[in-house]
Amino acid sequence: MQEQDGLNSAEHELERALRSLSPASARLDPIAAAFDAGQKVRQRQVRAWASACLLLMVLQATSLIWMRGASDTSPPRGIEQASTSLETQRSFTPNPSMPTLRILEDAMEKHGSDGLPTTDLPDTRQIDLKDQI
Amino acid sequence: MSELDRLAGIVLAHASKLTLFARQWLDSSSAEDVVQEALVSLLTLRSAPDDPIAWMYRAVRNEAIDLARTASRRRKREQSVAGQRQEWFSASPESLIDARSAEKALSQLPTELAEVVILRIWSELSFSQMARILQVSQSTVHDRYVAALTRLRSALEQPCKSKMD
(Lines give C-alpha, C1' and ligand atoms only; values in the text may rest on other atoms or scores of the structure.)
Protein backbone atom coordinates (compact mmCIF):
# COMPACT_ATOMS: atom_id res chain seq x y z
CA MET A 1 0.00 0.00 0.00
CA GLN A 2 1.46 3.32 -1.07
CA GLU A 3 1.26 6.06 1.57
CA GLN A 4 1.09 9.81 1.04
CA ASP A 5 4.85 10.23 1.71
CA GLY A 6 5.79 7.50 -0.74
CA LEU A 7 6.32 4.86 1.94
CA ASN A 8 4.37 1.65 2.30
CA SER A 9 3.17 0.21 5.61
CA ALA A 10 6.22 -2.03 6.01
CA GLU A 11 8.51 0.95 5.67
CA HIS A 12 6.42 2.92 8.17
CA GLU A 13 6.75 0.02 10.56
CA LEU A 14 10.50 0.04 10.04
CA GLU A 15 10.51 3.79 10.77
CA ARG A 16 8.71 3.17 14.06
CA ALA A 17 11.10 0.38 14.97
CA LEU A 18 14.13 2.52 14.24
CA ARG A 19 12.66 5.44 16.19
CA SER A 20 12.39 3.19 19.25
CA LEU A 21 16.19 3.15 19.38
CA SER A 22 17.74 6.07 21.18
CA PRO A 23 21.18 7.36 20.21
CA ALA A 24 23.99 6.77 22.68
CA SER A 25 24.49 9.71 24.97
CA ALA A 26 27.15 12.23 24.04
CA ARG A 27 29.24 14.43 26.25
CA LEU A 28 29.24 18.10 25.35
CA ASP A 29 30.75 20.81 27.51
CA PRO A 30 28.83 24.03 26.87
CA ILE A 31 30.94 26.01 29.38
CA ALA A 32 34.18 25.02 27.67
CA ALA A 33 32.56 25.78 24.33
CA ALA A 34 31.51 29.25 25.53
CA PHE A 35 35.02 29.86 26.90
CA ASP A 36 36.64 28.78 23.62
CA ALA A 37 34.18 30.89 21.67
CA GLY A 38 35.00 33.95 23.80
CA GLN A 39 38.71 33.35 23.31
CA LYS A 40 38.29 33.06 19.55
CA VAL A 41 36.24 36.25 19.35
CA ARG A 42 38.84 38.09 21.48
CA GLN A 43 41.68 36.80 19.28
CA ARG A 44 39.79 37.99 16.23
CA GLN A 45 39.42 41.47 17.75
CA VAL A 46 43.09 41.60 18.77
CA ARG A 47 44.09 40.54 15.26
CA ALA A 48 41.91 43.31 13.79
CA TRP A 49 43.54 45.91 16.05
CA ALA A 50 47.03 44.61 15.27
CA SER A 51 46.29 44.79 11.54
CA ALA A 52 44.98 48.36 11.90
CA CYS A 53 48.11 49.39 13.84
CA LEU A 54 50.37 47.77 11.27
CA LEU A 55 48.55 49.55 8.47
CA LEU A 56 48.93 52.90 10.26
CA MET A 57 52.65 52.26 10.82
CA VAL A 58 53.14 51.43 7.16
CA LEU A 59 51.25 54.57 6.16
CA GLN A 60 53.33 56.69 8.53
CA ALA A 61 56.59 55.18 7.29
CA THR A 62 55.53 55.73 3.69
CA SER A 63 54.61 59.34 4.33
CA LEU A 64 57.94 59.95 6.15
CA ILE A 65 59.91 58.46 3.26
CA TRP A 66 57.89 60.52 0.80
CA MET A 67 58.46 63.74 2.76
CA ARG A 68 62.20 63.06 3.03
CA GLY A 69 62.35 62.38 -0.69
CA ALA A 70 60.63 65.68 -1.41
CA SER A 71 63.04 67.67 0.79
CA ASP A 72 66.07 66.01 -0.89
CA THR A 73 65.34 67.83 -4.18
CA SER A 74 66.28 71.26 -2.59
CA PRO A 75 69.85 71.34 -1.20
CA PRO A 76 70.56 71.77 2.48
CA ARG A 77 71.16 75.29 3.82
CA GLY A 78 75.00 75.06 4.13
CA ILE A 79 75.41 73.77 0.59
CA GLU A 80 73.17 76.54 -0.70
CA GLN A 81 75.38 79.22 0.91
CA ALA A 82 78.60 77.66 -0.36
CA SER A 83 77.34 77.44 -3.90
CA THR A 84 76.17 81.06 -3.74
CA SER A 85 79.59 82.28 -2.67
CA LEU A 86 81.19 80.11 -5.35
CA GLU A 87 78.91 81.62 -7.96
CA THR A 88 79.82 85.11 -6.69
CA GLN A 89 83.47 84.34 -7.13
CA ARG A 90 82.94 82.91 -10.58
CA SER A 91 80.85 85.89 -11.66
CA PHE A 92 83.76 88.30 -11.03
CA THR A 93 84.95 89.73 -14.35
CA PRO A 94 87.58 92.44 -14.60
CA ASN A 95 86.44 95.86 -15.78
CA PRO A 96 87.91 96.51 -19.23
CA SER A 97 88.45 100.18 -18.31
CA MET A 98 90.64 99.25 -15.36
CA PRO A 99 94.40 99.72 -15.95
CA THR A 100 96.25 96.54 -16.28
CA LEU A 101 99.06 95.59 -13.90
CA ARG A 102 101.70 96.38 -16.50
CA ILE A 103 100.45 99.94 -17.02
CA LEU A 104 100.36 100.45 -13.27
CA GLU A 105 103.94 99.24 -12.92
CA ASP A 106 105.12 101.62 -15.65
CA ALA A 107 103.32 104.50 -14.01
CA MET A 108 104.95 103.66 -10.68
CA GLU A 109 108.39 103.57 -12.23
CA LYS A 110 107.95 106.92 -13.99
CA HIS A 111 106.01 108.97 -11.50
CA GLY A 112 105.98 107.06 -8.29
CA SER A 113 102.78 106.71 -6.31
CA ASP A 114 101.50 110.02 -7.68
CA GLY A 115 101.34 108.42 -11.10
CA LEU A 116 98.75 105.90 -9.97
CA PRO A 117 95.25 106.61 -11.19
CA THR A 118 92.55 107.66 -8.84
CA THR A 119 90.16 104.89 -7.79
CA ASP A 120 86.37 105.01 -7.92
CA LEU A 121 85.92 104.43 -4.25
CA PRO A 122 82.60 105.53 -2.72
CA ASP A 123 82.56 108.58 -0.55
CA THR A 124 83.55 107.84 2.98
CA ARG A 125 81.15 108.87 5.64
CA GLN A 126 82.38 110.44 8.76
CA ILE A 127 81.80 108.13 11.68
CA ASP A 128 80.87 109.84 14.85
CA LEU A 129 81.76 107.98 18.02
CA LYS A 130 78.55 109.20 19.64
CA ASP A 131 76.52 107.42 16.99
CA GLN A 132 78.28 104.17 17.75
CA ILE A 133 77.73 104.46 21.47
CA MET B 1 18.38 34.17 29.07
CA SER B 2 21.11 35.31 26.72
CA GLU B 3 21.40 34.36 23.06
CA LEU B 4 24.43 32.20 23.84
CA ASP B 5 22.50 30.26 26.48
CA ARG B 6 19.62 29.74 24.09
CA LEU B 7 21.91 28.42 21.33
CA ALA B 8 23.86 26.21 23.73
CA GLY B 9 20.56 24.84 25.07
CA ILE B 10 19.31 23.97 21.59
CA VAL B 11 22.57 22.22 20.73
CA LEU B 12 22.68 20.34 24.02
CA ALA B 13 19.20 18.99 23.35
CA HIS B 14 20.51 17.62 20.03
CA ALA B 15 23.95 16.56 21.30
CA SER B 16 23.41 12.81 21.06
CA LYS B 17 21.70 13.10 17.67
CA LEU B 18 24.47 15.29 16.30
CA THR B 19 27.07 12.84 17.59
CA LEU B 20 25.20 9.93 16.03
CA PHE B 21 25.19 11.84 12.74
CA ALA B 22 28.97 12.38 12.98
CA ARG B 23 29.51 8.70 13.85
CA GLN B 24 28.97 7.80 10.19
CA TRP B 25 32.44 9.15 9.48
CA LEU B 26 34.20 9.13 12.85
CA ASP B 27 34.67 7.19 16.06
CA SER B 28 32.73 8.24 19.14
CA SER B 29 35.38 10.52 20.70
CA SER B 30 36.18 12.25 17.41
CA ALA B 31 32.46 12.63 16.75
CA GLU B 32 32.02 14.33 20.12
CA ASP B 33 35.01 16.59 19.41
CA VAL B 34 33.51 17.60 16.09
CA VAL B 35 30.17 18.46 17.69
CA GLN B 36 31.95 20.46 20.40
CA GLU B 37 33.96 22.35 17.75
CA ALA B 38 30.80 23.06 15.79
CA LEU B 39 29.20 24.45 18.96
CA VAL B 40 32.22 26.73 19.47
CA SER B 41 31.90 27.93 15.88
CA LEU B 42 28.18 28.55 16.37
CA LEU B 43 28.84 30.62 19.48
CA THR B 44 31.48 32.74 17.72
CA LEU B 45 29.08 33.81 14.96
CA ARG B 46 28.26 37.52 14.96
CA SER B 47 24.56 36.78 14.53
CA ALA B 48 22.76 33.51 15.17
CA PRO B 49 21.68 31.59 12.05
CA ASP B 50 17.99 31.38 11.21
CA ASP B 51 17.97 27.63 11.78
CA PRO B 52 20.69 26.84 14.35
CA ILE B 53 20.00 23.10 14.22
CA ALA B 54 20.35 22.88 10.46
CA TRP B 55 23.49 25.04 10.76
CA MET B 56 24.93 22.67 13.36
CA TYR B 57 24.24 19.56 11.29
CA ARG B 58 25.87 21.19 8.31
CA ALA B 59 28.93 22.26 10.32
CA VAL B 60 29.24 18.82 11.91
CA ARG B 61 28.94 17.12 8.52
CA ASN B 62 31.62 19.30 6.89
CA GLU B 63 34.01 18.95 9.80
CA ALA B 64 33.46 15.20 10.13
CA ILE B 65 34.07 14.61 6.42
CA ASP B 66 37.25 16.74 6.56
CA LEU B 67 38.52 14.83 9.57
CA ALA B 68 37.69 11.46 8.07
CA ARG B 69 39.70 12.37 4.98
CA THR B 70 42.85 12.96 6.99
CA ALA B 71 44.98 9.85 6.86
CA SER B 72 46.50 10.27 10.29
CA ARG B 73 43.10 10.82 11.75
CA ARG B 74 41.91 7.66 10.08
CA ARG B 75 44.74 5.65 11.62
CA LYS B 76 43.99 7.15 15.00
CA ARG B 77 40.34 6.35 14.54
CA GLU B 78 41.05 2.74 13.66
CA GLN B 79 43.24 2.37 16.73
CA SER B 80 40.58 3.98 18.88
CA VAL B 81 37.86 1.78 17.44
CA ALA B 82 40.01 -1.29 18.02
CA GLY B 83 40.70 -0.22 21.58
CA GLN B 84 37.24 0.75 22.75
CA ARG B 85 34.11 0.25 20.79
CA GLN B 86 31.12 2.41 21.61
CA GLU B 87 27.67 1.59 20.34
CA TRP B 88 25.70 3.97 18.17
CA PHE B 89 22.56 3.34 20.17
CA SER B 90 21.95 2.81 23.83
CA ALA B 91 20.24 -0.47 24.69
CA SER B 92 16.70 -0.09 25.93
CA PRO B 93 13.97 -2.66 26.78
CA GLU B 94 11.45 -0.54 24.84
CA SER B 95 13.40 -0.94 21.62
CA LEU B 96 11.43 -2.69 18.89
CA ILE B 97 14.57 -3.66 17.06
CA ASP B 98 17.98 -4.97 17.99
CA ALA B 99 20.36 -2.03 18.34
CA ARG B 100 23.41 -3.88 17.02
CA SER B 101 21.56 -5.17 13.97
CA ALA B 102 20.30 -1.68 13.22
CA GLU B 103 23.79 -0.24 13.64
CA LYS B 104 25.27 -2.89 11.36
CA ALA B 105 22.61 -2.36 8.71
CA LEU B 106 23.05 1.40 8.87
CA SER B 107 26.83 1.25 8.69
CA GLN B 108 26.59 -0.94 5.58
CA LEU B 109 24.52 1.66 3.75
CA PRO B 110 26.26 4.16 1.51
CA THR B 111 26.86 7.41 3.43
CA GLU B 112 24.43 9.48 1.36
CA LEU B 113 21.65 7.03 2.26
CA ALA B 114 22.62 6.52 5.90
CA GLU B 115 22.76 10.25 6.61
CA VAL B 116 19.20 10.87 5.42
CA VAL B 117 17.93 8.06 7.63
CA ILE B 118 19.73 9.46 10.68
CA LEU B 119 18.57 12.99 9.97
CA ARG B 120 14.98 11.89 9.43
CA ILE B 121 14.53 9.19 12.09
CA TRP B 122 16.59 10.39 15.05
CA SER B 123 17.12 14.09 14.35
CA GLU B 124 13.47 14.44 13.26
CA LEU B 125 14.28 17.01 10.62
CA SER B 126 11.97 17.92 7.78
CA PHE B 127 12.86 17.10 4.19
CA SER B 128 13.39 20.81 3.49
CA GLN B 129 15.86 21.10 6.40
CA MET B 130 17.65 17.98 5.20
CA ALA B 131 17.82 19.38 1.68
CA ARG B 132 19.42 22.58 3.04
CA ILE B 133 21.96 20.61 5.09
CA LEU B 134 22.91 18.22 2.31
CA GLN B 135 22.60 20.89 -0.41
CA VAL B 136 20.46 18.77 -2.67
CA SER B 137 16.82 19.07 -3.72
CA GLN B 138 13.98 17.87 -1.50
CA SER B 139 12.97 15.26 -4.04
CA THR B 140 16.52 13.87 -4.03
CA VAL B 141 16.43 13.66 -0.25
CA HIS B 142 13.08 11.91 -0.39
CA ASP B 143 14.27 9.45 -3.03
CA ARG B 144 17.36 8.67 -0.98
CA TYR B 145 15.26 8.15 2.12
CA VAL B 146 12.92 5.72 0.41
CA ALA B 147 15.87 3.85 -1.10
CA ALA B 148 17.59 3.71 2.28
CA LEU B 149 14.52 2.31 4.03
CA THR B 150 14.09 -0.33 1.35
CA ARG B 151 17.71 -1.43 1.74
CA LEU B 152 17.48 -1.37 5.53
CA ARG B 153 14.35 -3.47 5.51
CA SER B 154 15.89 -6.11 3.30
CA ALA B 155 19.07 -6.11 5.41
CA LEU B 156 17.15 -6.46 8.68
CA GLU B 157 14.79 -9.09 7.32
CA GLN B 158 17.63 -11.42 6.38
CA PRO B 159 17.57 -14.37 8.76
CA CYS B 160 20.48 -14.59 11.15
CA LYS B 161 23.04 -17.15 10.16
CA SER B 162 23.13 -19.89 12.72
CA LYS B 163 26.13 -21.99 13.60
CA MET B 164 24.33 -24.95 12.06
CA ASP B 165 24.43 -23.36 8.56
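Residues numbered from 1 in each chain as written. Chains lettered and ligands numbered in written order. Predicted model: local features only at pLDDT ≥ 70, side-chain atom pairs only at ≥ 80, totals over all residues. Heavy atoms only, no water.

A. Examining the nonpolar core more closely. Ranked by size, the top nonpolar core spans 63 residues in total, and within it Leu18 of chain A together with Trp122 of chain B carry the most contacts. It is helix α4 (residues 52-69) of chain B that provides the largest number of residues to this core, a total of 10 residues. Once residues lying within four places of it in the same chain are set aside, the contact partners of Leu18 of chain A are Ile97, Ala102, Val117, Ile121, Trp122, Leu149 and Leu152 of chain B. (Core = buried A, V, L, I, M, F, W, Y, C linked by side-chain atoms within 4.5 Å. Buried < 20%, exposed > 50% of the residue type's maximum accessible area, 1.4 Å probe, protein only. Helix = DSSP H or I, 4+ residues; strand = E, 2+ residues; numbered from the N terminus. Contact = heavy atoms within 4.5 Å.)

B. Just the interface of chain B and chain A, in detail. Contacts between chain B and chain A engage 40 residues on the former and 31 residues on the latter. Interface area, chain B with chain A, both sides summed: about 3100 Å², of which 65% is carbon and sulfur. With a closest N to O distance of 3.5 Å, Arg27 of chain A and Glu32 of chain B form a salt bridge. One can count 8 residue pairs in polar contact (both at pLDDT 80 or more) joining chain B with chain A. Every element with two or more residues in the side of chain B that touches chain A is listed here: α1 (3-13), α2 (15-22), α3 (28-44), β1 (89-90), α6 (99-108), α7 (111-121) and α9 (138-157) of chain B. Partitioned by chemical class, the residues of the side of chain B that touches chain A number 23 nonpolar, 9 polar and 8 charged. For strand β1 (residues 22-23) of chain A and β1 of chain B, the ladder comprises 2 bridges, and the chain directions are antiparallel. Among the inter-strand pairings, Ser22 of chain A is bridged to a residue of β1 of chain B, identified as Ser90 of chain B. (Buried area = accessible area lost by both parts, 1.4 Å probe. Salt bridge = Lys/Arg side-chain N within 4 Å of Asp/Glu carboxyl O. Polar contact = N/O pair within 3.5 Å; in protein donor to acceptor, adjacent residues only side chain to side chain. Nonpolar A, V, L, I, M, F, W, Y, C, P; charged D, E, K, R; others polar. Pairing = 2+ DSSP bridges.)

C. Looking closely at the packing of aromatic side chains. All names here are of chain B. Inspection of the entire model under this criterion finds 4 aromatic pairs over all chains. With 5.4 Å between their ring centres and 90° between their planes, Phe21 and Trp25 make a pair best called edge-to-face. Given the relative accessible area of 12%, Trp25 is considered buried. Aromatic pair Phe89 and Trp122: ring centres 4.8 Å apart, planes at 40°, arrangement tilted. (Phe/Tyr/Trp six-rings, centres within 6.5 Å; stacked < 30°, edge-to-face > 60°.)

D. Broad picture of the environment of Leu134 of chain B. Residues and elements named next belong to chain B. As for its position among the elements, Leu134 is in helix α8 (residues 127-134). Leu134 sits 76 residues away from Arg58 along the chain, and the two C-alpha atoms are 7.3 Å apart. For Leu134, the contacting residues outside a window of four places in its chain are Arg61, Glu115, Val116, Leu119 and Val141.

E. Geometry of a nonpolar patch on the surface. All names here are of chain A. Taken together, the side chains of Leu55, Leu56 and Leu59 make up a nonpolar region of the molecular surface, amounting to roughly 330 Å² of accessible area. For Leu59, the position within the fold is in helix α2 (residues 30-72). Leu59 gets classed as exposed once you look at its relative accessible area, which sits at 51%. (Patch = residues over 30% accessible without salt bridge, like charges linked within 9 Å, V, L, I, M, F, W, Y side chains within 5 Å. Areas by Shrake-Rupley, 256 points an atom, 1.4 Å probe, with all protein chains shown as cover.)

F. Just α8 of chain B, in detail. All names here are of chain B. Extensive coverage of α8 is indicated by the burial of 6 of its 8 residues. In this fold, the buried residues of α8 make contact with α4, α7 and α9. Of the residues trailing α8, Gln135 is marked for its positive phi of about 55°.

Scope: geometric values only; no functional claims are made or implied.
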